[in-house]
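# Coordinate inspection notes
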Amino acid sequence: MQPHRILLSMAAQVITPILSGVVMGVNPAMLFAYITGMGVLMGLSVAGAKHGDAILIDEVVRREEAAEAE
């Protein structure tokens, strides 16, 4: 995992309770809208994630097959 991803993940863990506390302090009825908005943002970030692990697994399989062929 790259360092900037770890930093962003940790920052989100700090900011989330602060923002939800602010929303509850200003207008508790808006908490549902806040949760819905954060859920949409989470879904977009998951949808945009690149899954490179499959390439790594394919490379491992190729190396094992090459070693068996020798």
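All of the points below concern the structure found in this document. This one's a predicted model, so the numbers in the text were calculated from it and none came from an experiment. (Residues numbered from 1 in each chain as written. Predicted model: local features only at pLDDT ≥ 70, side-chain atom pairs only at ≥ 80, totals over all residues. Heavy atoms only, no water.)

## Quick notes on the overall build of the chain
Put simply, the test is: Secondary structure elements are taken from DSSP: a helix is a run of H or I of four residues or more, a strand is a run of E of two residues or more, and numbering for both begins at the N terminus. In this treatment the radius of gyration is a C-alpha quantity, and the globule benchmark scales as 2.2 Å times the residue count to the 0.38 power. In this scheme, a residue with accessible area under 20% of its type's maximum is buried, one over 50% is exposed, and one in between is partly exposed, where area comes from a 1.4 Å probe on protein chains only. In short, Shrake-Rupley with a 1.4 Å probe defines the accessible areas, and a residue's cover is counted only from the protein chains shown. Here the positive residues are Lys and Arg and the negative ones are Asp and Glu; neither His nor the chain ends is included. One atom stands in for each charge, and that atom is NZ of Lys, CZ of Arg, CG of Asp or CD of Glu.
In terms of helices and strands, the chain carries 3 helices and 0 strands. Relative to its length of 70 residues, the chain is extended, with a C-alpha radius of gyration of 21 Å against a globular reference of 11 Å. If one aligns the C-alpha atoms of the chain with their principal axes, the spans along those axes are about 70 × 20 × 15 Å. Counting over 70 residues, the chain shows a buried share of 4%. When the accessible area of the chain is evaluated, it comes to approximately 6,200 Å², of which 71% is carbon and sulfur surface. The averaged location of the 7 negative side-chain charges in the chain is 13 Å from the averaged location of its 4 positive side-chain charges.

## Looking at helix H1 (residues 3–26)
As a reminder of what qualifies: One less than the residue count of a helix, multiplied by 1.5 Å, gives the span that helix is expected to have. Note that bend, as reported per residue, equals the angle between axes fitted to the 7 residues terminating at that residue and the 7 residues originating from it.
Across its 24 residues, H1 extends 35 Å between first and last C-alpha, which sits within 8% of the 34 Å expected from 1.5 Å per residue. The sharpest bend along H1 measures roughly 25° and falls at Ile15, with the proline Pro17 sitting one to four residues further on.

## Some remarks on a nonpolar patch on the surface
Defined as follows: Only residues above 30% relative accessible area that lack a salt bridge enter a patch, with like-charged residues linked at up to 9 Å and the nonpolar side chains Val, Leu, Ile, Met, Phe, Trp and Tyr linked at up to 5 Å. Throughout this description, the term salt bridge denotes a Lys or Arg side-chain nitrogen within 4 Å of a carboxyl oxygen of Asp or Glu.
A contiguous nonpolar surface patch, about 550 Å² in accessible area, is contributed by Val14, Ile15, Ile18, Leu19, Val22 and Val26. For Leu19, the location among the structural elements is in helix H1.

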